[in-house]
Amino acid sequence: MSRQSAAVYRRRRLAVLLLVVLVLAAVGGGVWLAIAQPWAAPVQADRTPAPDASAPTTPSGSPSASPEASPEPSETPGIAACTQEDVTVTAVTDADTYPAEALPQLSILLANTGARDCTLNVGSSTQSFTVSSGDDVWWRSTDCQSESSDMIVTLAAGSSVPSASPVVWDRTRSSADTCEEQNRPRAPGGGASYHVAVSIGGFSSETPKQILLR
């Protein structure tokens, strides 16, 4: 009876040991599963290829830079200003003799006698008419000029250009101090001789134009 008890004891002890081994195996397996997590999807590695160093760096679709076109030199040469050798200025009047009360109308004829075109300021700021009798200056268009302007024009070689609008001399003596006076001294008539000189753009008429007042 005691032998059977010893055998039973040994079988029970072996069963207990086997149970302990199974428990430990189960626990160990659970720990591994918790740490390794074999069901989780692995992290995807970045498979984007590294840029090729030999490839162009200009983004696709972007226009490539092109060199700017160099400005072409002007094909039209500049026109030089007129010189004394190019220009002839002539005083012009609408008559040679004026009866009493007739008012002389004074103009300018400008000619380019040179072989090339040239530019000149023909504005009222550069124009001057002078009427004198001998050494006595009777009238200047600039004495009472209220406004003036500039006008740059090109004179073609060989051309002659008259002034557009004449300047009228009222047959009185002028001065900058008597512009508003109504009874300025009148120039004597009776066949008296007067001379008209003009200048424009810095150039003056070489010979004054003679007129007679009746």
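For the structure, see preceding data.
What comes next is a walk through the structure.

1. Observations concerning the overall build of the chain
Moving on, step 1. Helix and strand content of the chain: 1 helix and 12 strands.
Moving on, step 2. Traced from its N-terminal end to its C-terminal end, the chain shows the element sequence α-β-β-β-β-β-β-β-β-β-β-β-β.
Moving on, step 3. Taken across its 214 residues, the chain has 23% of its residues classed as buried.
Moving on, step 4. Here the contacts in the chain between residues at least 6 apart in sequence split such that 69% fall between residues at least 24 apart.
Moving on, step 5. By element, 56% of the accessible surface of the chain is carried by carbon and sulfur atoms, the whole surface being about 15,400 Å².

2. Brief notes about the nonpolar core
Moving on, step 1. Among the nonpolar cores identified, the biggest contains 25 residues, and Val89, Leu110, Trp169 and Tyr194 are the most heavily contacted of them.
Moving on, step 2. Of all the secondary-structure elements, those providing two or more residues to this core are strand 1 (87–93), strand 3 (105–112), strand 4 (118–121), strand 5 (128–133), strand 6 (136–140), strand 10 (192–200) and strand 12 (209–213).
Moving on, step 3. For this core, the element with the most residues is strand 10, which contributes 4 residues.
Moving on, step 4. Residue contacts for Trp169: discarding those within four places in its chain leaves Leu103, Pro104, Leu106, Val131, Trp138, Trp139, Ala187, Tyr194, Ile211 and Leu213.

3. Examining the pattern of salt bridges
Moving on, step 1. Within this structure, the stated rule accounts for 5 salt bridges.
Moving on, step 2. Across the pair Asp86 and Arg116 runs a salt bridge, and its minimum N-O distance is 3.0 Å. Of this pair, Asp86 sits in the loop between helix 1 (2–36) and strand 1 while Arg116 is found in the loop between strand 3 and strand 4, placing the two residues 30 residues apart along the sequence.
Moving on, step 3. Accessibility expressed as a relative area gives 7% for Asp86, which makes it buried.

4. Some remarks on unusual backbone geometry
Moving on, step 1. Although it is not a glycine, Glu101 adopts a positive phi angle of roughly 75°.
Moving on, step 2. Following the sequence through the fold, Glu101 ends up in the loop between strand 2 (97–98) and strand 3.
Moving on, step 3. Phi at Arg171 is positive, roughly 65°, even though this residue is not glycine.
Moving on, step 4. As for its placement among the helices and strands, Arg171 is situated in the loop between strand 9 (167–168) and strand 10.

5. Regarding the environment of Ile211
Moving on, step 1. Within the element layout of this structure, Ile211 appears in strand 12.
Moving on, step 2. Taking the relative accessible area as the measure of exposure, Ile211 reaches 0% and is therefore buried.
Moving on, step 3. Along the backbone, Ile211 and Ala95 are 116 residues apart, and their C-alpha atoms lie at a distance of 7.6 Å.
Moving on, step 4. Not counting residues up to four positions away in its chain, the partners in contact with Ile211 are Thr93, Ala95, Asp96, Tyr98, Pro104, Trp169, Ala192, Ser193, Tyr194 and Val196.

6. Focus on the layout of surface pockets
Moving on, step 1. In this structure, the largest pocket spans a volume of roughly 350 Å³.
Moving on, step 2. What lines the largest pocket is a set of 19 residues, and nearest its centre among them are Val122, Gln127, Ser163, Ala164 and Ile200.
Moving on, step 3. Of all the elements in the fold, those that place two or more residues in the lining of the largest pocket are strand 3, strand 7 (152–155) and strand 8 (160–162).
Moving on, step 4. For the lining of the largest pocket, the element with the most residues is strand 7, which contributes 3 residues.
Moving on, step 5. Of the residues belonging to the lining of the largest pocket, the class tally is 12 nonpolar, 7 polar and no charged.
Moving on, step 6. The space that makes up the second largest pocket amounts to roughly 230 Å³.
Moving on, step 7. Along the walls of the second largest pocket sit 13 residues, with Trp139, Ser141, Cys144, Gln145 and Val167 positioned nearest its centre.
Moving on, step 8. Split into classes, the residues belonging to the lining of the second largest pocket amount to 4 nonpolar, 5 polar and 4 charged.

7. Describing the packing of aromatic side chains
Moving on, step 1. What the rule picks out here adds up to 2 aromatic pairs.
Moving on, step 2. A ring pair is formed by Trp138 and Tyr194, whose centres lie 6.5 Å apart and whose planes are at 85°; its orientation type is edge-to-face. Of the two residues, Trp138 is situated in strand 6 and Tyr194 in strand 10; the sequence distance between them amounts to 56 residues. For the pair formed by Trp138 and Tyr194, the shared burial category is buried.
Moving on, step 3. Where Trp169 meets Tyr194, the ring centres are 5.6 Å apart and the plane angle is 65°; that geometry is what we call edge-to-face. With a gap of 25 residues between them, Trp169 in the loop between strand 9 and strand 10 and Tyr194 in strand 10 connect regions that are remote in the sequence.

Conventions used here
Residues numbered from 1 in each chain as written. Predicted model: local features only at pLDDT ≥ 70, side-chain atom pairs only at ≥ 80, totals over all residues. Heavy atoms only, no water. Helix = DSSP H or I, 4+ residues; strand = E, 2+ residues; numbered from the N terminus. Buried < 20%, exposed > 50% of the residue type's maximum accessible area, 1.4 Å probe, protein only. Contact = heavy atoms within 4.5 Å. Areas by Shrake-Rupley, 256 points an atom, 1.4 Å probe, with all protein chains shown as cover. Core = buried A, V, L, I, M, F, W, Y, C linked by side-chain atoms within 4.5 Å. Salt bridge = Lys/Arg side-chain N within 4 Å of Asp/Glu carboxyl O. 1 Å grid on protein atoms, 1.4 Å probe; cavity = no way out; pocket = protein on both sides within 12 Å on 5 of 7 lines; lining within 4 Å. Points joined across faces, edges and corners; volume = space filled by probe spheres on them. Nonpolar A, V, L, I, M, F, W, Y, C, P; charged D, E, K, R; others polar. Phe/Tyr/Trp six-rings, centres within 6.5 Å; stacked < 30°, edge-to-face > 60°.

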